[in-house]
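Fold and geometry: a report
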Amino acid sequence: MRIAVAGATGNIGQLTVAALERAGHQIVPVSRKAGVDAYTGDGLDAALRGADAVIDVTNTSSADEAGIVEYFGTITRNLLAAGERAGVRHHVLLSIVGIDHGQRVPHYAGKREQERLVTAGPVPWSIVRATQFHDFAAMVAGWARQDGTATIAPLLVQPIAHGDVAAVLAEIAAGAPLRAVLDIAGPRTEDLVDMARRTFGVRGEDVTLVPTWRGIFGLDMAGEVLLPGDGARLGATTFDDWLAAGAR
Ligand SMILES: NC(=O)c1ccc[n+]([C@@H]2O[C@H](COP(=O)([O-])OP(=O)(O)OC[C@H]3O[C@@H](n4cnc5c(N)ncnc54)[C@H](OP(=O)(O)O)[C@@H]3O)[C@@H](O)[C@H]2O)c1
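The paragraphs below set out a description of the structure included in this document.

Definitions and limits used
- Residues numbered from 1 in each chain as written.
- Predicted model: local features only at pLDDT ≥ 70, side-chain atom pairs only at ≥ 80, totals over all residues.
- Heavy atoms only, no water.
- Helix = DSSP H or I, 4+ residues; strand = E, 2+ residues; numbered from the N terminus.
- Buried < 20%, exposed > 50% of the residue type's maximum accessible area, 1.4 Å probe, protein only.
- Polar contact = N/O pair within 3.5 Å; in protein donor to acceptor, adjacent residues only side chain to side chain.
- Contact = heavy atoms within 4.5 Å.
- Near = heavy atom within 4 Å.
- Areas by Shrake-Rupley, 256 points an atom, 1.4 Å probe, with all protein chains shown as cover.
- Phe/Tyr/Trp six-rings, centres within 6.5 Å; stacked < 30°, edge-to-face > 60°.
- Axes fitted to C-alpha atoms, helices over the stretch in contact; angles between N-to-C directions.
- Parallel < 35°, antiparallel > 145°, perpendicular 65-115°, else oblique.
- Nonpolar A, V, L, I, M, F, W, Y, C, P; charged D, E, K, R; others polar.

This brings us to the side chain of T74. Among the structural elements, T74 can be located in helix α3 (residues 65–86). Since its relative accessible area comes to 16%, T74 is described here as buried. Looking at T74, its side chain comes within polar contact range of the main-chain oxygen of E70, at 2.7 Å. Here T74 is in contact with A38 and Y39, once residues within four sequence places are set aside.

The following block contains the structure:
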């Protein structure tokens, strides 16, 4: 199949391209570095010509909710419109488990907007909601890190390896549209504070962690809201495997 990967140069995108190539598919990279801008639409029609499926693993560097919703929304609209013009038969969106909660998390508003547009859109679709990636705890602590101290919410998560996400995306894109949401997660639950502590330990970084629910991850994210639903697919790679491989 000919499969366009929007976000082909990103963490998940690169591994998705590799997984698709291993399965014998022809890849069309969609990324500004590859000369195609899904936000402005530059080069998009040419890139999607002849594509059977599109996988959207783009991201945004906007920090505020309005900017994130606008960026993700515009990219999604452009990909769907160009996909319809090109006769794309399957649009696969990477989303996040638990985004119906976390009303204070700006990124989740953007993902809800993407899901809304995809499910109402003209191209048959699949939504793959992944849990947090293995580097999530250190990334979140990094946002709040100041003078060797970082606040972090004690979230209960079931983190998944980037490679396990990519493998599922490649498989789903090559199949029939699900017209449904599939949850994917790692094999075990973890505590986010403990994950951050162990990641910084492996990386040799000295960070004092202060658990709190008063940051962007508030009490509406306590409990099991970030755990995958029934019927989730579970990747094999544990958080310990990722730490043992160097936590990068
Ligand atoms: N972190 C987590 O724990 C987690 C969990 C579940 C799901 N997710 C989702 O995973 C997705 C991918 O994350 P990631 O870490 O792989 O992202 P990333 O490494 O930041 O990569 C983002 C990709 O998007 C591309 N991109 C951005 N703007 C673009 C534009 N205007 N046109 C074309 N391409 C554009 C970038 O390429 P250029 O810069 O070359 O344009 C890059 O290839 C995100 O949507 C996120 O919501 C994350």
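Having seen it, we continue.
The next subject is the site of the ligand. Taken together, 30 residues form the shell around the ligand, and within it T9, R32, T58, H107 and K111 come nearest. Here G10 contributes a backbone N or O atom positioned 2.9 Å from an oxygen atom of the ligand. The backbone of A38 places a nitrogen or oxygen atom 2.9 Å from a nitrogen atom of the ligand. About the coverage of the ligand: the protein hides 89% of its 930 Å² of free accessible area.

Moving on: the packing of aromatic side chains. Tallied over the entire structure, the rule returns 3 aromatic pairs. Considering the side-chain rings of Y39 and Y71, the 4.7 Å spacing of their centres and the 20 degrees angle between planes classify their relative orientation as stacked. Linking Y39 in the loop between β2 (26–30) and α2 (44–48) with Y71 in helix α3, this pair joins segments that are 32 residues apart in sequence. The partly exposed category is assigned to Y39, whose relative accessible area is 28%.

On to the packing of helix α5 (residues 136–144) against helix α7 (residues 192–203). One can describe the packing of α5 onto α7 by two numbers: an axis separation of 8 Å at closest approach and a directional angle of 90 degrees. The angle between α5 and α7 falls in the class roughly perpendicular. Across from F136, A137, A138 and A141 in α5, the residues of α7 making contact are L192, M195, A196, T199, F200 and R203. When grouped by side-chain class, the residues that make up the contact of α5 with α7 number 8 nonpolar, 1 polar and 1 charged.

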